[in-house]
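Here are the chains, one letter per residue:
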Amino acid sequence: MSMRWHRNRNLSKDEYLKNFDKNAKPAQAEKDSKIENAYRQAAEIRKFEIELFWKRAGYFWAFIVSIYAAFFNVQKEFYYDKCTGNFKHGTIPLLSLSALGFFFCLAWLLSSYASKFWQENWENHIDLLEDYVTGPLHKIYSAGESFSVSKINIAAGYIVSFFSAGLFVFELAEFCRNLKLNHFLIFLVLIVLFSCGV
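Small disclaimer: the values here were computed from a predicted structure and weren't measured.

### Section: the overall build of the protein chain
Regarding its fold elements, the protein chain presents five helices and four strands. Start at the N end of the protein chain and walk to the C end: the helices and strands fall as β-β-α-α-β-β-α-α-α. Scored against the burial criterion, the 198 residues of the protein chain give a buried share of 32%. Accessible surface for the protein chain amounts to roughly 13300 Å². Of this, 63% is attributable to carbon and sulfur atoms.

Structure follows, in structure tokens:
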């Protein structure tokens, strides 16, 4: 098994384990102690990363729900025409809230990817070290396929981001239409906004 480092450096399992040798020929007990300590620390950091993943997800969900609750509350209280029964779109508050919601959806998605990256990084460390401490406990799992809850969370992030982008684009188009701006300008603004986001 090779481990891919963030600086595009690949190490084999033997090269990885050589990093625990202090001298050219260390005492076996000292080497075992270093490997066991590294294993325990990698397991603790992995657990910590999983906790952070869900704390961050909860943090972003709270912001996203609050933003869209504010969006619909502002729309209902200030931009509902009781005579016609229609909502007015394209106002600055609604455009701002939809943009803020889209931003937080993208931030949640990117944060989820970063958290998943670090979780897998520490799982790779555990995979390389566990044979010398506990045996292949982490590598062995039941034969049935299972869903990854973190990947489901990332998929939910894509869905929510897609709909928040649609709401933002709709509010931006209505805002430009209310200002009597032409479609080319709307297209140009969208390209600039999406290129800044990438």
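### Points about the packing of aromatic side chains
One pass over the structure, following the stated rule, counts 12 aromatic pairs. Note on phenylalanine 63 and phenylalanine 104: the rings are 4.8 Å apart at their centroids and 20 degrees apart in plane angle, and the pair reads as stacked. Taken together, the residues span a long stretch of sequence, with phenylalanine 63 in helix α2 (residues 28-78) and phenylalanine 104 in helix α3 (residues 92-129) at a distance of 41 residues. Phenylalanine 63 sits in the partly exposed class, given a relative accessible area of 35%. A relative accessible area of 13% means that phenylalanine 104 is categorised as buried. Put simply, the rings of Tyr59, Phe60, Phe63, Phe103 and Phe104 pair up and form one aromatic cluster.

### Considering the pattern of salt bridges
One pass over the structure, following the stated rule, counts four salt bridges. The partner of arginine 46 in a salt bridge is glutamate 123, with the nearest N and O atoms 3.0 Å apart. With a gap of 77 residues between them, arginine 46 in helix α2 and glutamate 123 in helix α3 connect regions that are remote in the sequence. Overall, arginine 46 belongs to the partly exposed group, its relative accessible area being 23%.

### A look at the confidence of the model for the protein chain
When pLDDT is averaged along the protein chain, the result is 80, and 75% of the positions lie at 70 or above. Element-level mean pLDDT values for the protein chain span from 48 in strand β1 (residues 3-4) up to 91 in α3. Below pLDDT 50 for its whole length, residues 1-8 participates in 22 contacts with residues either more than four positions away or in separate chains.

Calculation criteria
Residues numbered from 1 in each chain as written. Predicted model: local features only at pLDDT ≥ 70, side-chain atom pairs only at ≥ 80, totals over all residues. Heavy atoms only, no water. Helix = DSSP H or I, 4+ residues; strand = E, 2+ residues; numbered from the N terminus. Buried < 20%, exposed > 50% of the residue type's maximum accessible area, 1.4 Å probe, protein only. Areas by Shrake-Rupley, 256 points an atom, 1.4 Å probe, with all protein chains shown as cover. Phe/Tyr/Trp six-rings, centres within 6.5 Å; stacked < 30°, edge-to-face > 60°. Salt bridge = Lys/Arg side-chain N within 4 Å of Asp/Glu carboxyl O. pLDDT = per-residue confidence, 0-100. Contact = heavy atoms within 4.5 Å.

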